[in-house]
Amino acid sequence: MAETKKQNADVQVEKDLYQRVEHFFLQNRNVIVGILAVIVIGIAGYFGYKKLIFEPKVLNAQNNIAAAQKYFDADSIDLALNGDGTSMGFLSIIDKYGNTPSGNLAHYYAGVCYMQKKELDAAIKQLESFDPKTDEIAGRTYELLGHAYADKGDFKKAISLYGKAGDAAQNNLQSPFYYKMAGDLMMDQQDYKGALDMYKKIKKDYPLSQEGQNIDLDIAYAESKIGA
């Protein structure tokens, strides 16, 4: 008997809940339908934009960057940056296709071009706008930024960026090379403790690398400067 009452009570609760939901829907049906319509239109708009606008834009950007890359490979830096009047340069690609993969890559190329032209602030702006997609390229980007800040005389910033390059690269070839640059610049700045820590990191984490196999001399020299 008690079980039957409990079942009847549960049924009544479910019935009441259903009626409340139904009542809510009937009272607010126009608003709910409107919200659902907006969601459907938004989803359709997104996929329409992607298919009809963004994907062709990506393809156009790929086609346009090819000419600029050829000029870059031929060391025609100004043509690579600014184009030749017929084909676009990296700067125009950034302006027109900045939200595409090729537009992103153009930031990197433009940064390297400005580095070669010794226009350091412009190089820094472009490289800091670049979003690297691999660990190796991330390491290389931080290295270039480190060079730019070192050339500007901001050695503290350069050291930090060389360290970031080593952290980002995450491989046995690039990482110890970047850490060695950081350590060597610390030595030049008479930060012997910082340099020693960096050299010991190479010995500990990358003992089989070229830098790791020769790092004992650097460690000994840094220790001698600390003890002097």
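Here is a short report on the structure shown in this document. (Residues numbered from 1 in each chain as written. Predicted model: local features only at pLDDT ≥ 70, side-chain atom pairs only at ≥ 80, totals over all residues. Heavy atoms only, no water.)

### Re the packing of aromatic side chains
Selection rule: Here a Phe, Tyr or Trp ring, Trp counted by its six-membered ring, pairs with any other such ring whose centre lies within 6.5 Å, and the pair is stacked when the planes are under 30 degrees apart, edge-to-face when over 60, and tilted otherwise. Put simply, DSSP H or I for four residues or longer makes a helix, DSSP E for two residues or longer makes a strand, and each gets a number counted from the N terminus. A simple rule labels every residue: compare its accessible area, found with a 1.4 Å probe on the protein chains alone, to the largest value its type can have, and call it buried under 20%, exposed over 50%, or partly exposed in between.
Taken as a whole, this structure holds 7 aromatic pairs when the rule is applied. Note on Tyr108 and Phe130: the rings are 5.3 Å apart at their centroids and 50° apart in plane angle, and the pair reads as tilted. Of this pair, Tyr108 sits in helix α5 (residues 101-116) while Phe130 sits in the loop between α6 (120-129) and α7 (135-151), and the two are 22 residues apart along the sequence. Both residues of the pair, Tyr108 and Phe130, belong to the buried class.

### Topic: unusual backbone geometry
One non-glycine residue, Asp75, lies in the positive phi region at around 60°. Inspection of the secondary structure assignment puts Asp75 in the loop between α2 (29-73) and α3 (77-82). Positive phi outside glycine occurs at Gln190, with the angle close to 65°.

### Overview of the packing of helix α8 (residues 155-169) against helix α9 (residues 174-188)
Stated formally: Geometry is summarised by axes, namely lines fitted to C-alpha atoms with helices restricted to the contacting stretch, and by angles between N-to-C directions that run from 0 to 180 degrees. What sets the label is the angle itself: under 35 degrees gives roughly parallel, over 145 gives roughly antiparallel, 65 to 115 gives roughly perpendicular, and the rest give oblique. Left-handed is the label given to a crossing in which the near helix is rotated counterclockwise from the far helix by less than a right angle, and right-handed is the label when the rotation is clockwise. We call two residues in contact when some of their heavy atoms are within 4.5 Å.
Packing of α8 against α9 leaves a shortest axis separation of 7 Å and a crossing angle of 160°. Considering the angle they form, α8 stands roughly antiparallel to α9. α9 is crossed by α8, and the crossing has left-handed handedness. Each of Phe155, Ala158, Ile159, Tyr162, Gly163, Ala165, Gly166, Asp167 and Ala169 in α8 lies in contact with α9, whose residues at this interface are Gln174, Ser175, Tyr178, Tyr179, Met181, Ala182, Leu185 and Met186.

### Description of the side chain of Ser102
Examined against the element boundaries, Ser102 turns out to sit in helix α5. Setting aside anything within four residues of it in sequence, one finds Ser102 in contact with Ala61, Gln62, Ile65 and Ile93.

### What to know about the packing of α7 against α9
Where α7 contacts α9, the axes come no closer than 11 Å and their chain directions differ by 15°. Considering the angle they form, α7 stands roughly parallel to α9. In this structure, α7 crosses over α9, and the sense of that crossing is left-handed. From α7, Glu136, Gly139, Arg140, Glu143 and His147 reach across to α9, where they touch Gln174, Phe177, Tyr178 and Met181.

### A few points about helix α10 (residues 192-205)
For the α-helix, the turn length of 3.6 residues means that residues three or four positions removed from each other point alike. Operational definition: One less than the residue count of a helix, multiplied by 1.5 Å, gives the span that helix is expected to have.
For α10, spanning 14 residues, the distance from its first C-alpha to its last is 20 Å, which sits close to the expected 20 Å at 1.5 Å a residue. Taken together, the buried positions of α10 are Tyr192, Gly194, Ala195, Leu196, Met198, Tyr199 and Ile202.

### Digging into the side chain of His107
Summarising the element assignment, His107 is placed in helix α5. Non-local contacts of His107, meaning those with residues more than four positions away in its chain, are made with Ile94, Gln126, Leu127, Ser129 and Phe130.

### Things to note about the environment of Gly89
Following the sequence through the fold, Gly89 ends up in the loop between α3 and α4 (90-97). For Gly89, a relative accessible area of 0% puts it in the buried group. Spatially, the C-alpha atom of Gly89 lies 9.7 Å from that of Phe72, the residues being 17 residues apart in sequence. Contact partners of Gly89, with chain neighbours within four places excluded, come to Ala68, Leu79, Ala80, Leu81, Asn82 and Gly83.

### Topic: the pattern of salt bridges
Stated formally: Whenever a carboxyl oxygen of Asp or Glu lies within 4 Å of a side-chain nitrogen of Lys or Arg, that contact is scored as a salt bridge.
Counting across every chain of the model gives 11 salt bridges. Residue Arg140 pairs with Glu143 through a salt bridge whose shortest N-O separation is 2.8 Å. Of the two residues, Arg140 and Glu143 are both situated in helix α7; the distance of 3 residues between them amounts to about one turn of the helix. With a shortest N-O distance of 2.9 Å, Asp216 and Lys203 are connected by a salt bridge. In this pair, Asp216 sits in helix α12 (residues 215-227) while Lys203 sits in helix α10, placing the two residues 13 residues apart along the sequence. Judged by relative accessible area, which is 44%, Asp216 ranks as partly exposed. Where salt bridges share partners, they join Asp78, Lys117 and Glu119 into one cluster.

### Thoughts on the nonpolar core
The condition is simple: Note on terminology: a nonpolar core comprises buried Ala, Val, Leu, Ile, Met, Phe, Trp, Tyr and Cys residues joined through side-chain atoms within 4.5 Å.
Membership of the largest hydrophobic core comes to 53 residues, with the highest contact counts inside it found for Phe72, Phe90, Ile93, Cys113, Tyr162 and Tyr199. Per element, the largest residue contribution to this core is 8 residues, and it comes from α5. Non-local contacts of Cys113, meaning those with residues more than four positions away in its chain, are made with Phe72, Ile77, Ala80, Leu81 and Phe90.

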